[in-house]
Amino acid sequence: MVKIRLKKFGTAKRPDYRIVVQDSRKPRDGTTIEEIGHFHPIAAEESQVVFDAERAKYWMSVGAQPTATVKKLFNKKGLTVSRPTISK
């Protein structure tokens, strides 16, 4: 399964993350399919999250699932993430 998740960079006191599209079986800091943005938690509020919304929408349309943290970041920037419908 393909996931949209965070890839950690930086140090312990100065974290820096990239928002990436990655196979869920790969390690967190392993190879990625595509990098679509970044997240700087200690930066100013307006510049903490930057990502390509069109690429995020594309990946979600072909089945990539964002993690809970990435979902919150997307919602914070105005990209609504709907839950997948499960048919019984």
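The following paragraphs examine the structure supplied in this document.

Calculation rules
- For every chain, the first residue of its written sequence is number 1, and the numbers climb from 1 along that sequence.
- Local features in this predicted model are restricted to residues whose pLDDT is 70 or higher, and side-chain atom pairs enter the listing and the counts only when it is 80 or higher, whereas totals over whole chains, interfaces and linings include all residues.
- Each side-chain value is worked out from all heavy atoms of the structure, with water and hydrogens disregarded.
- To pair, rings of Phe, Tyr and Trp, with the six-membered ring standing in for Trp, must have centres within 6.5 Å; the planes then decide the type, stacked if under 30 degrees apart, edge-to-face if over 60, and tilted in the middle.
- Numbered from the N terminus, helices here are DSSP runs of H or I no shorter than four residues, and strands are runs of E no shorter than two.
- The classification of residues rests on relative accessible area computed with a 1.4 Å probe and restricted to protein chains. Under 20% of the type maximum is buried, over 50% is exposed, and intermediate values are partly exposed.
- Definition of nonpolar core: a set of buried residues of the types Ala, Val, Leu, Ile, Met, Phe, Trp, Tyr and Cys, connected through side-chain atoms within 4.5 Å.
- For this analysis, residues touch if any pair of their heavy atoms sits within 4.5 Å.

Some words on the packing of aromatic side chains
Then step 1. Overall, the coordinates contain three aromatic pairs when judged by the stated rule.
Then step 2. Arranged with centres 4.6 Å apart and planes meeting at 40°, the rings of Phe51 and Phe74 form a pair that is tilted. Taken together, the positions of Phe51 in strand E4 (residues 49–51) and Phe74 in helix H2 (residues 68–76) put the pair 23 residues apart, joining distant regions of the chain. Neither Phe51 nor Phe74 differs from the other in exposure class; each is buried.
Then step 3. With a centroid separation of 5.4 Å and an interplanar angle of 70°, the aromatic rings of Tyr58 and Trp59 are classed as edge-to-face.
Then step 4. Given the relative accessible area of 37%, Tyr58 is considered partly exposed.

A word on the nonpolar core
Then step 1. In this structure, Ile4, Ile19, Ile36, Phe51 and Phe74 are the most contacted members of the largest nonpolar core, which totals 16 residues.
Then step 2. Looking at this core, the elements that each hand over two or more residues are strand E1 (2–10), strand E2 (15–23), strand E3 (34–39), E4, helix H1 (53–61) and H2.
Then step 3. In contact with Phe74, other than residues within four places in its own chain, are Ile4, Ile19, Ile36, Phe51, Ala56, Met60, Pro66, Leu79 and Val81.

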